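Summary of the model geometry
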Amino acid sequence: MGDVLAGIHATWEFDTDAVLIRFERGIRAPKLFQSLRERRIPYAALSSVTLTPGKRNTVVLRAVPRVGADPLVEAAAGQLKEGYDPYRLVLPAEREVLAEYYADELRTVLDPASDEPAERFLVAAPEAPMSFKAYDGRAGFDGDRVSFRWSWTGASSAKWKAGDQTFRVGELAGIVWRSPEALDGYLRLIPRTAAPVDHRAGGSLDDTLGPVAGEGETGAPADGEPSASRAADQDPAAVLFGLGYGPVHESLPFAAAVLESVRRTQPGSGGPAPALVSAGRRDPADIAERIHHLGELHRAGLVTDAEFSAKKAELLSEL
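Residues numbered from 1 in each chain as written. Predicted model: local features only at pLDDT ≥ 70, side-chain atom pairs only at ≥ 80, totals over all residues. Heavy atoms only, no water.

1. Structural notes on the pairing of strand 8 (residues 130–133)
Where strand 8 lies against strand 9 (residues 137–141), four bridges are found, and the strand directions are antiparallel. Within strand 9, the residue paired with methionine 130 across the bridge is phenylalanine 141. Between the end of strand 8 and the start of strand 9, which pair antiparallel, lie three residues. (Pairing = 2+ DSSP bridges. Helix = DSSP H or I, 4+ residues; strand = E, 2+ residues; numbered from the N terminus.)

Structure below.
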């Protein structure tokens, strides 16, 4: 289509095979959108398109992703609030006719198999390295390893006994992200030795893992108990969220990046991960922010001197 449709907090740019969503970075934009910056959504990753009335004299154009197509959506498992949905474009009501035109145009380019779950991720996950501060420690991901470094003020005695943790994505079967906006939010890694996890099905934590034994109870679980059956505050494969810890805009992209890497290492993953969008030279502010985060990971010991130098050079080359 080659057109651009500007809405509130985002702009959709239509290409021959995908829509490029550029998110606004203003102070009023949701922090998740600011964190995502931009996303390339292949038309093959969409199942349908809707146009509905919105609030305060607006209309909402929404591209509905296919089940299993987007690691961010799969990690969220239906827990995102409406205002955080990256597939919604809110427009003034007077642009409804124009929005209907683009909705019809999008419907004509949907994949014939759009009603079926995707066999692999078709949308790129956020890039590593990344990190966030949880209530009981700090989580880091360098693209190959997930690291948990416990906080002496928040971590349980069970986690201190287990020590800081490092997991290679090849050792994992999946992840469970429970929104920090819930009372008991956390990010849990599921080792391959635990029960298999199918994130394509979405649903709640109980749908994914079954009831989590020990939650709400006191005392540490028995040694050797599978990760999936431990309470998150006792599980060294999980970090807890809390007020100001593990916010959605930090922990969800992190979870999506880990999930994409895990899925890519599993047999029958359906081919390489989708290429990340490149829109020419990047915003220098974005590069500076990424280098700052990289420096934090380096100082925390989550990346080596060689990895830090190589990634910093790569980022600077994008200016």
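2. What about the side chain of glutamine 165?
Locating glutamine 165 in the fold gives a position in strand 11 (residues 165–168). Judged by relative accessible area, glutamine 165 falls into the buried class, the value being 16%. Separated by 3.2 Å, the side chain of glutamine 165 and the backbone oxygen of alanine 162 make a polar contact. Non-local contacts of glutamine 165, meaning those with residues more than four positions away in its chain, are made with Val146, Ser147, Phe148, Arg149, Trp150 and Pro236. (Buried < 20%, exposed > 50% of the residue type's maximum accessible area, 1.4 Å probe, protein only. Polar contact = N/O pair within 3.5 Å; in protein donor to acceptor, adjacent residues only side chain to side chain. Contact = heavy atoms within 4.5 Å.)

3. Observations regarding the side chain of glutamate 74
Relative to the helices and strands, glutamate 74 is located in helix 2 (residues 71–76). One buried charge, glutamate 74, has no salt-bridge partner; the nearest side chain with opposite charge is arginine 263, at 5.7 Å. At a separation of 2.9 Å, a polar atom in the side chain of glutamate 74 contacts the main-chain amide nitrogen of glycine 68. (Lys, Arg positive; Asp, Glu negative; His and termini not counted. Salt bridge = Lys/Arg side-chain N within 4 Å of Asp/Glu carboxyl O.)

4. Concerning the pairing of strand 2 (residues 10–14)
Burial along strand 2 is one-sided: Ala10, Trp12 and Phe14 are buried, while Thr11 and Glu13, pointing the other way, are not. Here strand 1 (residues 4–6) pairs with strand 2 via three bridges, running antiparallel. Paired with alanine 6 across the bridge in strand 2 is threonine 11. Note that strand 2 and strand 3 (residues 18–23) share five bridges and pair antiparallel. In the sheet register, tryptophan 12 faces strand 3, and the bridge partner there is isoleucine 21.

5. What to know about the packing of aromatic side chains
Think of a pair of aromatic rings as described by two things: how far the centres are apart, and how the planes are tilted against each other in angle. Scanning the model with the defined rule gives ten aromatic pairs in all. Here phenylalanine 132 and phenylalanine 254 contribute two aromatic rings whose centre-to-centre distance is 4.9 Å and whose plane-to-plane angle is 90°, an arrangement assigned as edge-to-face. Taken together, the residues span a long stretch of sequence, with phenylalanine 132 in strand 8 and phenylalanine 254 in helix 6 (residues 248–265) at a distance of 122 residues. Here a set of aromatic residues connected by ring pairs shows up, and it is made of Trp12, Phe14, Tyr101 and Tyr102. (Phe/Tyr/Trp six-rings, centres within 6.5 Å; stacked < 30°, edge-to-face > 60°.)

6. Here's the deal with helix 6
For helix 6, spanning 18 residues, the distance from its first C-alpha to its last is 25 Å, which sits close to the expected 26 Å at 1.5 Å a residue. With 15 of 18 residues buried, helix 6 lies mostly within the body of the structure. (Expected span 1.5 Å × (residues − 1).)

7. Some points on helix 8 (residues 305–316)
For helix 8, with twelve residues, the first-to-last C-alpha span of 16 Å sits near the 16 Å given by 1.5 Å per residue. Among the residues of helix 8, Phe308, Lys311 and Leu315 are the ones counted as buried. With its buried residues spanning 75° around the axis, helix 8 presents them on a single face. Opposite the buried face of helix 8, at more than 90 degrees from it, the exposed residues are Asp305 and Ala306. (Arc of directions from axis to C-beta.)

8. Quick word on the pattern of salt bridges
Within this structure, the stated rule accounts for 15 salt bridges. When the shortest N-O distance is used, the salt bridge between arginine 39 and aspartate 70 registers 2.7 Å. In this pair, arginine 39 is assigned in strand 4 (residues 38–42) and aspartate 70 in the loop between strand 6 (58–65) and helix 2, connecting sequence segments 31 residues apart. Like aspartate 70, arginine 39 is buried. A salt bridge links aspartate 184 to arginine 178; its shortest N-O distance comes to 2.6 Å. With relative accessibility at 25%, the residue arginine 178 sits in the partly exposed group. Through salt bridges with shared partners, one network takes in Glu13, Arg22 and Glu38.

9. Overview of the sheet that holds strand 13 (residues 186–191)
Taken together, three strands build an open sheet; the order of strands is 12-13-14 and the sheet is antiparallel. The sheet terminates laterally at strand 12 (172–178) and strand 14 (238–240), the two strands that pair on one side only. Put simply, the sheet's adjacent strands are angled 10° from each other on average, direction ignored. Examined bridge by bridge, strand 12 and strand 13 share six bridges and lie antiparallel to one another. For leucine 172, the partnering residue across the bridge sits in strand 13 and is proline 191. (Axes fitted to C-alpha atoms, helices over the stretch in contact; angles between N-to-C directions.)

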